[in-house]
Amino acid sequence: GQSATPDTSEWKCERCPFASGYQADVTAGSSYVSDDAATIGDATGYDEQGAYVNVDGAGLYATANHRLSWRVEDLGLDSRVVEIDGARPGTFAYRLAYSQLPRHRFDTTSTIFTRSSGNLLALPSTWTFAGTTSGLTDLAASLVSRDIESERRTLEIGGQYLPTARFRLFADYQRQERDGTDILGGSYFTNSSLLPRHFDYQTDQVDAGIRYDAERGFLKLAYYGSFFDDKFDAVRWDNPFVTVPGAEQGALAAAPDNDFQQLVLTGNYRAPWMDTNISFSAAMGRGTQNDTLLPYTTNANLAAGALPRSTLDAEIDTTNLALTVVSKPFPNARFKFAIRYDERDNKTSQLPWSRVIADSFLSGETDLNVPYGFDRLRMNVSGDYRPFETVRVAAGYDYTELDRDFQEVAEQTEDTGWGRVQWRPNQYLDISARGGISRREVNRYDEMLAASLGQNPLLRKFNLAYRYRQFGELSASASFPELPITIGAQATYADDSYSNSLLGLTAGDELRLAVDVSWSVSDQASVYLSGGFDDIDSQQAGSGAFSTPDWQASHSDQFYSAGGGLRIAGIGDKVDLQLDYTRAQGTTQIDVTGGGGPSRFPDLESTLDSLRVKILYRWSEKLEASLQLRYENFPTEDWALQGVAPDTLPTILTLGAQPYDDEVWIAGIGFRYLIGVQ
Amino acid sequence: SQSAAPAEAAAYSTNGADTCLACHSSPEVLGIFRTKHAAPVDPRSPFGHGQLQCESCHGPGGAHAGMQQVDGKLAQVIRFEKGSAAGVATQNGTCLGCHEADTGFATHGGAHDDNDVSCASCHELHTATDAVLGTSTQAGKCNECHAFRKSDALKAYSHPLREGKMACTGCHSPHGATTENLLVRQTTNDTCYQCHAEKRGPFLWEHAPVAEDCTNCHDPHGSNQPAMLVRRAPLLCQSCHSQSGHPSFAQDAGGLATGAPSQYLLGQSCMNCHSQVHGSNHPSGSKLMR
């Protein structure tokens, strides 16, 4: 029965140590990094050899009516995070957050280009042009090291206000700035240069809305706005190769400024009958892009003609509707029905454009731009039933219909049926098995359209092709009443057959395994081990003769991961030890037969060895010292980069990026001080 | 399990938290007093004025010394952990008693609900900081069940989850959503565009599979291939492009740097020239080379 509501007027909570006043903990320390390493510095900021000073910390200032908490992480690194959250609990809350994320892709790259005003990548003052890289005699003397790296900075300001217990107003503004260098191919008709392209992006995002919480549900109306701005309109570069007269400088379009705005109504209702829950979402959005277009070409010698319009005035309307109903007509049975409709309606007008080929010569053709759009209907029904308290069986059917504009397949449907059984004989054992099949049918593969695009009519694009998929999952977790050990194991398998595809992807399968064991040796000590295996294979066929298949390729991605760790707390009441080791190895085997040359590629390999050791010593109630040792070793084998110097490819001037081969020790010492009452 | 005749409804304690804290005063318990659950000024908080303090969540504790019925099993009070006498539905029902509005949107019938995941499997309430709410600690908590995602994050090319600089909730809404894979925005692409808006366009020259679904070419959890591609170029590109000439030629191992270096294999492969692979706004960009 329902317990009588107590008289809480006497519940003084005198023993309750409510947070009041100021309490914080600050860790300051320094680390030494043994070597330069792009991959280790990626996202961490430890990309260069040398010493680093770092600060982490968190604090709380609380009064009877207000809470203000702050957190800083890696303050001394390029991956610093600062978060401030305040609230008058139950009335309003506010947030201010700043984070940086360094991106280090390559530190083995070099280039001849220097960046001058207007984002022009200029050639050295003395430069000898040639038709191929072997003729670029000034190349060696002109190469300058240029790392491919960038940084993302995110500022967030948000808040919410509860005028009444049922209403909630919320708003969140986020500014992302991203700038730095990435790699962009600047091509000419027969050759190309990999450009160290500088980019400078800014995205402003706003989420704001109002929510009403009723007794049995809520209604929320929210606005989402995303506004992207690219500081540059183009990437210009001086062509290092001998070119057609007038084509000495090329220009690639930069990412156009664009925006997307959306209104989203969501709601949830807990119906009193049959434990039914109804949730729905309705979103209408519009994306626009109206950047001033570049001319057809930079080559003044070509009579390229006027653009059909100076801006595209592109517009996308999106519609997203969803309804999910979950109900329990019987105590042990539950039914779920979910339907979802997503539409991308591309309203951009189609116009004739007279393409200039690589600033070299007029194509003499007119291309119509293709405003791709699609609408997708997804529906799934499922039910689960507990014949016994320890057994649960479930089954479901999913239907997807996808209609596309301007593509080889106008209508595509997919039917999926699945079943699942879960057995929990007691609190110590949980075994679940799920399996099913899925058949994707296409109404008609428009070979005429494919041919008009220059495609081999026998090709079937993998996302537009008939596909028969079989899949299965198995998971088990076990713990033991007398032994503080838990074991978890998971396996999944999926097999795809594209049996109507003569050319393109013809088959694919994936097998995944994962196991982990954790042992709480004692209240102070625990050990864990984990392992993973992933094997993704695919086969595809091609036709060099633009006819029936005359070459085959297999692509096998394997991945092993293994890890272990140890935690010991309170050694001699003073010392905590934390140790984690991880090894992860990726291997990709590619075979291409029918090309006339050797079919087997060298394996693409990446091996990560990561060791982290942390020893913490409690000097006093308020002061802790820590020693941290980190070892990361990341050698890779990649034939796409191995031995590819800037002039290895006759017609491509590359940046000479080499496969990663980073090995780093990071040793650090830190002191943590507790401030205020803990 | 032992079933007993339904006991008379348990009574609440006489002094609320002061009763409980007489015995339960270890740091593992007191951490809650640094959190929002222990904010007297918040009328919605368990420790708000007139609320039931510890017994808001753990249920009537008056009979704590004796026995009390929960889900037909003899137990003391509702405990929020694996092996608790209170089933997942009871545990979660207690949390949703207050948080229905916060999490209620599609929680019921969401993937975690389908798998009987309890709120306490992810959330820690009695600690000053809840690991699942922190960007640098969240993935560690999600990985306790999602073992495949844990190994994906170890692959050569992945988002910075292993370094703790990105959270799973950057893309997913674990409490439930009517979107595919519990995504935070309406579609996969809308979710990716939160951080990669430069690829949104709409472009003058669109690349159809890009505008439809980023996961046609990328595995956002991680992959052995650069840019988290699902297969290595040029094979990935050749599975959709068969035009006569170089797109349809077999690129075998004869084209490596040690043989006759092929521009279709080495460096950035197809993107050596078709660098605007996500779309181009250049009037002469229909081949994604401008």
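Residues numbered from 1 in each chain as written. Chains lettered and ligands numbered in written order. Predicted model: local features only at pLDDT ≥ 70, side-chain atom pairs only at ≥ 80, totals over all residues. Heavy atoms only, no water.

## Regarding the overall build of chain A
- Across its full length, chain A holds 3 helices and 37 strands.
- If you line up chain A on its principal axes, its C-alpha atoms span 90 × 60 × 55 Å.
- Taken across its 678 residues, chain A has 46% of its residues classed as buried.
- By sequence separation, contacts in chain A at least 24 residues apart represent 60% of the contacts at least 6 residues apart.
- Accessible surface, chain A: about 30,600 Å² in total, of which carbon and sulfur atoms supply 57%.
- Here chain A carries 59 positive and 92 negative side-chain charges, and the mean point of each set is 8 Å from the other. (Helix = DSSP H or I, 4+ residues; strand = E, 2+ residues; numbered from the N terminus. Buried < 20%, exposed > 50% of the residue type's maximum accessible area, 1.4 Å probe, protein only. Contact = heavy atoms within 4.5 Å. Areas by Shrake-Rupley, 256 points an atom, 1.4 Å probe, with all protein chains shown as cover. Lys, Arg positive; Asp, Glu negative; His and termini not counted. Charge placed at Lys NZ, Arg CZ, Asp CG, Glu CD.)

## Regarding the confidence of the model for chain B
All names here are of chain B.
- A residue-level look at chain B finds 92% of positions with pLDDT of 70 or above and a mean pLDDT of 89.
- Per-element confidence in chain B ranges from a low mean pLDDT of 50 for strand S2 (residues 73-75) to a high of 98 for helix H9 (residues 188-193).
- Below pLDDT 50 for its whole length, residues 1-7 participates in 10 contacts with residues either more than four positions away or in separate chains.
- If you check the scores for this complex, the pTM reads 0.94 and the ipTM reads 0.95. (pLDDT = per-residue confidence, 0-100.)

## Here's the deal with the nonpolar core
- Phe-106, Ile-590, Val-592, Phe-601 and Trp-639 of chain A together with Leu-256 and Leu-266 of chain B are the most contacted members of the largest nonpolar core, which has 34 residues in total.
- Elements that contribute at least two residues to this core include exactly strand S32 (551-571), strand S33 (575-593) and strand S34 (604-618) of chain A.
- Ignoring anything within four residues of it in the chain, the contact list for Phe-601 of chain A reads Ile-590, Val-592 and Trp-639 of chain A together with Gln-251, Asp-252, Ala-253, Leu-256 and Leu-265 of chain B.
- Core analysis: the second largest hydrophobic core is formed by 17 residues, Leu-121, Ala-130, Trp-237 and Ala-247 of chain A among them. (Core = buried A, V, L, I, M, F, W, Y, C linked by side-chain atoms within 4.5 Å.)

## Some points on the interface of chain A and chain B
- Contact with chain A, which involves 196 residues of that partner, is made by 132 residues of chain B.
- Here chain A packs against chain B, burying approximately 13,000 Å² in sum over the two surfaces, 53% of which is carbon and sulfur.
- On the chain A side of the interface with chain B, the three residues burying the most area are Trp-11, Arg-15 and Arg-512 of chain A, jointly 6% of the side's total.
- Our count for the contact surface shared by chain A and chain B stands at 70 residue pairs in polar contact (both at pLDDT 80 or more).
- Examining the composition of the side of chain A that touches chain B, we find that 9 residues originate from one element, strand S16 (residues 258-271) of chain A, more than from any other.
- A per-class count over the side of chain A that touches chain B returns 81 nonpolar, 67 polar and 48 charged. (Buried area = accessible area lost by both parts, 1.4 Å probe. Polar contact = N/O pair within 3.5 Å; in protein donor to acceptor, adjacent residues only side chain to side chain. Nonpolar A, V, L, I, M, F, W, Y, C, P; charged D, E, K, R; others polar.)

## Overview of the state of the cysteines
- Inspection of every chain in the model, using the stated rule, returns 1 disulfide over all chains.
- Disulfide partner of Cys-13 of chain A: Cys-16 of chain A, at an S-S distance of 1.9 Å. With the S-S dihedral at roughly -70°, the linkage between Cys-13 of chain A and Cys-16 of chain A falls on the left-handed side.
- By relative accessible area, Cys-16 of chain A is classed as buried at 9%.
- This cysteine, Cys-54 of chain B, is not joined by any disulfide, and Cys-20 of chain B carries the nearest cysteine sulfur, 3.8 Å off.
- In this model Cys-98 of chain B remains outside any disulfide bridge; the closest cysteine sulfur is found in Cys-57 of chain B, 6.7 Å from its own.
- In this structure Cys-98 of chain B comes out as exposed when scored by relative accessible area, which is 55%. (Disulfide = S-S within 2.5 Å.)

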